[in-house]
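# Tertiary structure, described
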Amino acid sequence: MWKTAQSSIFILLSLAAGTSRAVNNGLARTPPLGWNNWNSLGCDVSADLLLDTASRLVSFGLMDVGYQYTVLDDCWSDGRDENGRIKVDLKRFPDGMTAVSARIHDHGLLFGMYSSAGHMTCARGEGSLDHEAEDARSFAEFSVDYLKYDNCYSKGRAGSAQTTFARYETMAQALNETGRPIVYSLCNWGEDFVMSWGVSIANSWRISGDIYDSFSRPDDRCSCTENDPSSPWCVSPGAHCSVLTILNKIAPYADRGQPGGWQDLDALEIGLGGMTDEEYIAHFSLWAALKSPLLIGADLRKLSPEALTILNNPAILAISQDPLGVPATRVERNTSVPKDRYGIGETHIWSGPLAGGDQVLILLNAANTDLEMVAYLEDIFAGQGPSCSAPQCNEDWLVHDLWAQRMDNNVASELLQKSTSREDAARILKGTNHYNVSSLSYKKGLEKLDKRLLGTEVDEIAARGALKVMVKRHTAKVFRLRPKLGVAGKRYSLFKDEL
Ligand code: GLA
């Protein structure tokens, strides 16, 4: 019944919008939050893994801070039947995909799947190119809520924006024709100017080659980096892209995301072990501020308490889920800082507006030493008016640290070890006054100025002034700036609904 109602609403929304384009499908008004198996498990997928992961999303309290999508990546198919319908690998999914989907939905979670706009997927499974309509119908029959659509084996139908757009639009239309609301997540690695056209047909689009579990180590297999960040001639964006490489790649066009269509910086590496805790804090904070979908990439059976307390930080998740939906942009980059043996070393300042007139501010230290960094209001608000001509530059600001209330490791351990149900998780979260979106959405919590979302006040910036902060090597300091007088009613921008 609920599903039927959801489909009708979806069709009405599409008709009202006068288009069948995915960006108007009413979905992903904030960046999707969930889990995807690829980064930690690759092709090691099965029904057991997905069901086990779904129940851990619930019992670890991750569902209660907003993670919803359980996404199955590559390696689930087993050719096609005589009618051309894609077959599920019954060795890995013995009861079929509909059964997996139903059990994920029973938890109140959503189910995602994967295919490729090629004749094969990247791991050489069955691709959907020229089978879009029947595969979209299969996804709808499996009650899929999210489709990641990859780019391998495109039969040469790539190399121009128009060709690639057409290849991806075919699946957008096929999904819409099923009548089922399905988040459409493009994975064409930033090729063929997807940052210019992705928003017309999709809810998100990848902007780089595959991420790997490194903060800044360069790797030739991740091409198309800072010297040619938006080049359409970029050959094989590839893999082994570090957090820093991806940030440098997106910087020139970081502002392209918007409610309903987001730039995907790839699934998260938090908890996989290749970066330090401080590096994972930077990775998570920037992915949130840039409004990337946040798909946990760790194997939840091996999740550490430290990783859990990064992933479940409500003050950072509230930046990701901010109702205004404006990605942060880079307002300063400094490369004249100490370098490591790879020649890598730089600092960045990223900032962007939030609902209610607040502003997110991130000072990223990717230099090879601890540094004092300085963020000037003049630079933070340069987009609103250079040389301090913006009214915001002439305002006093309160500085709130968004990592000051990170969950205690003991609480995280309790969630990981002792919690076996959503009720257990809710009880533990309640006992420590941790934020829970099933009682209060991020939007409502922000409207109520909930302190758990606003962070802890640590400093002030005087009008036309600057914030000076020590930032350790390879981490980020993350702040929510609040206009000092804004609390008394002076606001520069309102919640979107109020505009
Ligand atoms: C490509 C994608 C990855 C992953 C793999 C699966 O490399 O970019 O995110 O889906 O394929 O084979």
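These lines cover the structure that appears in this document, whether it is placed above or below. Quick caveat: nothing in here was measured; it's all calculated off a predicted structure.

### Structural notes on the packing of aromatic side chains
For the coordinates displayed, the defined rule picks out 8 aromatic pairs. Plain terms: the ring middles of Tyr149 and Tyr184 are 6.1 Å apart, the flat faces sit at 40° to each other, and that makes the pair tilted. Here Tyr149 is found in strand β6 (residues 146-150), whereas its partner Tyr184 is found in strand β7 (residues 183-186), with 35 residues between them in sequence. Exposure remark for Tyr149: the relative accessible area of 0% places this residue in the buried category. By the ring-pair criterion, three or more aromatic residues cluster together here, those being Tyr149, Phe165, Tyr168, Tyr184 and Trp197.

### So, the sheet that holds strand β18 (residues 475-483)
Reading across the sheet, the 6 strands line up as β11-β12-β13-β18-β15-β16 and stay open at both edges, with antiparallel pairing between neighbours. Edge strands, defined here as strands with exactly one partner in the open sheet, are β11 (329-334) and β16 (456-461). Put simply, the sheet's adjacent strands are angled 25° from each other on average, direction ignored. When β11 meets strand β12 (residues 347-353), the two strands line up antiparallel, connected through 5 bridges. Considered in β12, the bridge of Thr329 is made with Ser351. Here helix α8 (residues 243-250) sits on the sheet in contact with β11, β12 and β13 (359-365), set at roughly 55° to β12.

### A few points about the pattern of salt bridges
One pass over the full model with this rule turns up 24 salt bridges. A salt bridge links Arg480 to Asp358, with the nearest nitrogen and oxygen atoms 2.9 Å apart. A residue pair is termed long-range when its members are at least 10 positions apart, and Arg480 in strand β18 and Asp358 in the loop between β12 and β13 qualify at 122 residues. The burial state of Arg480 is the same as that of Asp358; both residues are buried. Residue Lys443 pairs with Glu447 through a salt bridge whose shortest N-O separation is 3.1 Å. Here Lys443 pairs with Glu447, and both are found in helix α15 (residues 442-447), just 4 residues apart, close to one helical turn.

The rules behind the values
- Residues numbered from 1 in each chain as written.
- Predicted model: local features only at pLDDT ≥ 70, side-chain atom pairs only at ≥ 80, totals over all residues.
- Heavy atoms only, no water.
- Phe/Tyr/Trp six-rings, centres within 6.5 Å; stacked < 30°, edge-to-face > 60°.
- Helix = DSSP H or I, 4+ residues; strand = E, 2+ residues; numbered from the N terminus.
- Buried < 20%, exposed > 50% of the residue type's maximum accessible area, 1.4 Å probe, protein only.
- Pairing = 2+ DSSP bridges.
- Axes fitted to C-alpha atoms, helices over the stretch in contact; angles between N-to-C directions.
- Contact = heavy atoms within 4.5 Å.
- Salt bridge = Lys/Arg side-chain N within 4 Å of Asp/Glu carboxyl O.

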